[in-house]
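Single-letter residue listing:
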Amino acid sequence: MSQAQTQAGSMAGLKSQEVAFWLGKAVEWGYAESPDTQRDTCLHLGPLRAFLQLLLTHIHTRSSTTETMRTVPFVGQFLGRLCWNPYVTADAESRSLLLQSLWSLYSEEPHNAVERKANQWIRNLLCQLATEEEDSATHMLVKHMGLPPKEYNLKVLRKMVWLLVEEVGESCSSLADPNQRCSCDSVLAASVACVPLVTCPETAPLIGALLQRPVTCDKAALSQHFLDAVTSAYSRKCVSLEAQAVVSLWCHNLASLEGAVMSLLDSVLSNPASIPHNLEHTITHSLLPKACSQHGSIFLIVNDIFRSMLVQVEGNQTVLYLIHTFTLCFLRELAALQPQECVSLKAFFPHTPQSLLDPLLTHPSEMAQEAWPEHLAWITASLQRLTEEEEEEEGNRGQCGVFEAWFLLVQCADWVEVASQLLVSARPQDCGPLLWLLTFYHHPTNREHHRTQQLVAAREVWDHLRSLFLLSAPPLPADRLQSLAELMSAVPQQPSLDSLLVVSLLVNFAVFSHNPLSGAGEIVRMVVQQSGLVREAVCVLDMVELRLNREGSSSSLTDRVKPRARALQGTLTHMAQHDTHTLTHMAQHDTHTLTHMVQHDTDTQPLWQRWDTHTAAPGCSTNQTL
């Protein structure tokens, strides 16, 4: 050892004789290839551990790797030689101290060439310690001891993971002593060391600990390579993470969150069997509602993706049901949180007209059925007033209230379903506001003149259905059935009425009217068969059943209509099974449309542009690149 090294060691608080002794031993042992060096290494393991602990303590007191190298210039040579000695690395405690020393020397943000070179050297050493070649000295030693190499490697990896988890779990030391080297420095080093091992099941605890560690200071950042590797492995189902770790991953990495949302959309739109009942399980299993309830920022991002997708695939039934069901799952997760964990609903819906927020987010099951008509009348009047005001202020580019109100109505579509139910028993003089709400839901971009025309068309459909379902006995009037089927087939009209609006009214009349079940079933069967809207009718009926089940409490109405709904579902499901080709084609079309939406197809004019090119506020635009 040179005089400068000895002096540096002394200045660092390490005895010069000890420094000289252990550096000499590391050089003498080399790879421990001879019996004498192997024996000597084993004899000195105890004192070596004590010296390594002293060295580690010193490294922790330094503010940077550069300072450590200045005060203890032999540290790199010393640690490197020990890492290549299989009789040292085979000892669990010595290996642990070596690993901790290396992690402590890793610089989160290298400031010079020395620290950059040290980082590269440390990465190589960590890789060598975690994965040794079959013909290495360590494997020869392990084989001589009768331990299978694979079992040895797994035990070493588990030990490394356990040690890293302990390191990551330590609180930020810079809060107590700003002059001391921050313990958060090990977070970045641990995430870098974890990159090549993210697909190993044994590293899952470390990945979870890194992702869930509170960011207490700017040194606690995770490596972007680590986040990308975990995102890729999780999307390919190559790593199993706990639910909270997945949520934390989305908080750290926007790309992983967007990928999860697009994966959910793709799985729903590409599946012909995506009826509302199946949607709820798929959405809950995605963990996105849970993440949204815990982090308002995630909810806002997911909502923005839904907006972009909704305006690109206008009128897609599956998309409407997906957004509605997702909102229900989100509100359920939000209600399950502890009161101290909750934030105001206004934080989740910052752009929505606040007067509509509570009335629409209140589920129909939360109030008496007798109060539904008045509640819906208030909602409809508020929406009418909003559309009128915005049409009057057409020149004002800062308005986007109607779009946000409609988007909230899509999210809270239970009230649209209730309106369809109430229209079954509504008097002619009372049906106007309810029909207005349905036409607004299905035709949100219409201006006053077109909306008036469509209200006339909707009233005609309602009159057809009312006359059909008031008849208690066959034969059914063929002319009215044919006329209704034509309205549902979306034949060219000015204006054409959305077929989903007609299907919704038809199904609700079949379920809630007092027409005998046989007659109601026959009307539904004939109309949907002629119009080719079997799948749409199945989905609408499934939504009706789900809403009845959510209401929970038994009443004379629910006791009467639930058996009717089940019977009608059986009839429609049987019809749908004979139309599998159509279902598959529709699912492929939905997925193709989604792909175009993701690619931001500029050949077609999105709904938002048709909505009102004069009222697209910068904070409310939905056609944005994600």
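For every chain, the first residue of its written sequence is number 1, and the numbers climb from 1 along that sequence. Two thresholds apply to this predicted model, a pLDDT of at least 70 for residue-level local features and 80 or more for giving and counting side-chain atom pairs, whereas whole-chain, interface and lining totals are computed over all residues. For side-chain calculations, the full set of non-hydrogen atoms in the structure is used, while hydrogens and water are omitted.

1. Digging into the overall build of the chain
Right, on to step 1. Secondary structure follows DSSP: runs of H or I at least 4 residues long count as helices, runs of E at least 2 residues long count as strands, and numbering of each begins at the N terminus. Each helix and strand counted, the chain has 34 helices and zero strands in total.
Right, on to step 2. Remark: exposure states derive from per-residue accessible area (1.4 Å probe, protein chains only) relative to the maximum for the residue type, with buried under 20%, exposed over 50%, and partly exposed in between. Taken across its 626 residues, the chain has 52% of its residues classed as buried.
Right, on to step 3. In this analysis, two residues are considered to be in contact whenever any of their non-hydrogen atoms come within 4.5 Å of each other. Long-range contacts, defined here as pairs at least 24 residues apart, represent 73% of the contacts in the chain between residues at least 6 apart.
Right, on to step 4. Only the protein chains shown count as cover for residues, and all accessible areas are computed by the Shrake-Rupley method using a 1.4 Å probe. As displayed, the chain has an accessible area near 28200 Å², and 54% of this comes from carbon and sulfur atoms.

2. Quick word on the side chain of Arg 307
Right, on to step 1. Mapped onto the secondary structure, Arg 307 falls in helix H19 (residues 296–312).
Right, on to step 2. Any pair of N or O atoms that falls within 3.5 Å is considered a polar contact. Within protein, one atom must be able to donate a hydrogen and the other to accept it, and sequence-neighbouring residues count only if both atoms are side-chain atoms. Of note is the side chain of Arg 307, whose polar atom sits 3.0 Å from the side chain of Asp 304.

3. Observations concerning the packing of helix H4 (residues 45–61) against helix H6 (residues 75–83)
Right, on to step 1. Angles shown run from 0 to 180 degrees and are taken between the N-to-C directions of axes, each axis being a line fitted to C-alpha atoms and, for helices, limited to the stretch in contact. One can describe the packing of H4 onto H6 by two numbers: an axis separation of 13 Å at closest approach and a directional angle of 140°. In terms of their interaxial angle, H4 and H6 are classed as oblique. Relative to H6, the crossing made by H4 is left-handed. Taking contact as the criterion, the partners of Leu 48, Phe 51, Leu 52, Leu 55 and Ile 59 in H4 are, on H6, Val 75, Phe 78, Leu 79 and Leu 82.
Right, on to step 2. Residue classes follow a fixed rule: Ala, Val, Leu, Ile, Met, Phe, Trp, Tyr, Cys and Pro count as nonpolar, while Asp, Glu, Lys and Arg count as charged, and any other residue, Gly among them, counts as polar. Considered class by class, the residues forming the contact of H4 with H6 number nine nonpolar, no polar and no charged. If an angle is under 35 degrees, it is roughly parallel; if it is over 145, roughly antiparallel; if it lies from 65 to 115, roughly perpendicular; otherwise it is oblique. Left-handed describes a crossing whose near helix is turned anticlockwise from the far helix through less than a right angle; right-handed describes the clockwise counterpart.

4. Quick look at the pattern of salt bridges
Right, on to step 1. Take a side-chain nitrogen of Lys or Arg and a carboxyl oxygen of Asp or Glu: if they are within 4 Å of each other, that pair is a salt bridge. What the rule picks out here adds up to 11 salt bridges.
Right, on to step 2. The salt bridge involving Arg 307 is made with Asp 304; its shortest N-O contact spans 3.0 Å. Separated by three residues within a single helix, Arg 307 and Asp 304 lie in helix H19, roughly one turn from each other.
Right, on to step 3. Judged by its relative accessible area of 8%, Arg 307 is buried.
Right, on to step 4. Overall, Asp 304 belongs to the partly exposed group, its relative accessible area being 23%.
Right, on to step 5. The network of salt bridges with shared partners includes Lys 25, Glu 28 and Asp 40.

5. Description of the packing of aromatic side chains
Within a pair of aromatic rings, the relevant descriptors are the distance that separates the centres and the angle that separates the planes.
Right, on to step 1. Between the rings of Phe, Tyr and Trp (Trp by its six-membered ring), a pair exists once the centres lie within 6.5 Å; its type follows the angle of the planes, with under 30 degrees stacked, over 60 edge-to-face, and the other angles tilted. Within this structure, the stated rule accounts for 14 aromatic pairs.
Right, on to step 2. Relative to Phe 330, the ring of Phe 299 lies with its centre 4.2 Å away and its plane at 20°, an arrangement referred to as stacked. Of this pair, Phe 299 sits in helix H19 while Phe 330 sits in helix H20 (residues 317–336), placing them 31 residues apart in sequence. Phe 330 carries the same exposure label as Phe 299, and that label is buried.
Right, on to step 3. Centre to centre, the rings of Phe 403 and Trp 406 are 6.0 Å apart; their planes meet at 55°, and the pair counts as tilted. Of this pair, Phe 403 and Trp 406 both sit in helix H24 (residues 401–411), three residues apart, which is roughly one turn of the helix.
Right, on to step 4. Chaining the aromatic ring pairs together yields one cluster made of Phe 21, Trp 22, Trp 29, Phe 51, Phe 74 and Phe 78.

6. Observations concerning the environment of Leu 422
Right, on to step 1. Structurally, Leu 422 can be placed in helix H25 (residues 414–425).
Right, on to step 2. With 49 residues separating them along the chain, Leu 422 and Pro 373 place their C-alpha atoms 7.7 Å apart.
Right, on to step 3. With near-sequence residues (within four places) excluded, Leu 422 lies in contact with Trp 372, Pro 373, Leu 376 and Leu 434.

7. Details of unusual backbone geometry
Right, on to step 1. The phi dihedral of Lys 237 falls on the positive side, at around 60°, and the residue is not glycine.
Right, on to step 2. Secondary-structure assignment places Lys 237 in the loop between helix H14 (224–235) and helix H15 (243–252).
Right, on to step 3. Classification of Lys 237 as exposed rests on a relative accessible area of 75%.
Right, on to step 4. Phi is positive for Leu 287, close to 70°, though the residue is something other than glycine.
Right, on to step 5. As for its position among the elements, Leu 287 is in the loop between helix H17 (276–285) and helix H18 (288–294).
Right, on to step 6. The class for Leu 287 is buried, based on a relative accessible area of 16%.

8. Observations regarding the nonpolar core
Right, on to step 1. Counting 169 residues, the largest nonpolar core has Phe 78, Leu 211 and Phe 226 as the members making the most contacts within it.
Right, on to step 2. If one sorts the elements of this core by residue count, helix H29 (residues 499–512) sits on top with 11 residues. We call a set of buried Ala, Val, Leu, Ile, Met, Phe, Trp, Tyr and Cys residues a nonpolar core when their side-chain atoms join them within 4.5 Å.

9. A short note on the packing of helix H26 (residues 431–442) against H29
Right, on to step 1. Between H26 and H29, whose axes approach to 9 Å, the crossing angle comes to 140°. One element, H26, and the other, H29, form an angle in the oblique class. Once H26 is placed against H29, the crossing between them reads as right-handed. Along the contact surface, H26 presents Leu 435, Leu 438, Thr 439 and His 442, while H29 presents Leu 500, Leu 501 and Leu 505.
Right, on to step 2. A breakdown of the residues in the contact of H26 with H29 according to their chemical character gives five nonpolar, two polar and no charged.

10. Here's the deal with the confidence of the model for the chain
Right, on to step 1. pLDDT measures the predictor's confidence residue by residue and takes values from 0 up to 100. In this model, the chain carries an average pLDDT of 77, and 75% of its residues clear a pLDDT of 70 or more.
Right, on to step 2. Note that pLDDT drops below 50 for residues 490–494; the model gives that stretch five contacts with residues more than four away or on any other chain.

11. Side note on the environment of Lys 346
Right, on to step 1. With respect to the helices and strands, Lys 346 occurs in helix H21 (residues 345–348).
Right, on to step 2. Taking the relative accessible area as the measure of exposure, Lys 346 reaches 53% and is therefore exposed.
Right, on to step 3. Residue contacts for Lys 346: discarding those within four places in its chain leaves Gln 354 and Leu 357.

12. With respect to helix H32 (residues 556–577)
Right, on to step 1. To estimate how far a helix should extend, the number of its residues minus one is multiplied by 1.5 Å. The end-to-end C-alpha distance of H32 is 33 Å, a good match for the 32 Å that 22 residues give at a rise of 1.5 Å each.
Right, on to step 2. Among the residues of H32, Thr 558, Val 561, Arg 564, Ala 565, Leu 568, Gln 569, Leu 572, Met 575 and Ala 576 are the ones counted as buried.

13. Quick word on a negative patch on the surface
Right, on to step 1. Surface patches are drawn from residues lacking salt bridges whose relative accessible area is over 30%; two like charges belong together within 9 Å, two nonpolar side chains (Val, Leu, Ile, Met, Phe, Trp, Tyr) within 5 Å. Working convention for charge: Lys and Arg count positive, Asp and Glu count negative, and His plus the chain ends are omitted. Note that the charge is assigned to NZ on lysines, CZ on arginines, CG on aspartates and CD on glutamates. Together, Glu 388, Glu 389, Glu 392, Glu 393 and Glu 448 give the surface a local cluster of negative charge.
Right, on to step 2. Among the elements that make up the negative patch, the one with the highest residue count is helix H23 (residues 372–392) (three residues).

14. What about H19?
Right, on to step 1. Compared with the 24 Å implied by 1.5 Å per residue over 17 residues, the 25 Å span of H19 between its first and last C-alpha is a close match.
Right, on to step 2. Burial runs high along H19: 12 of the 17 residues are buried.

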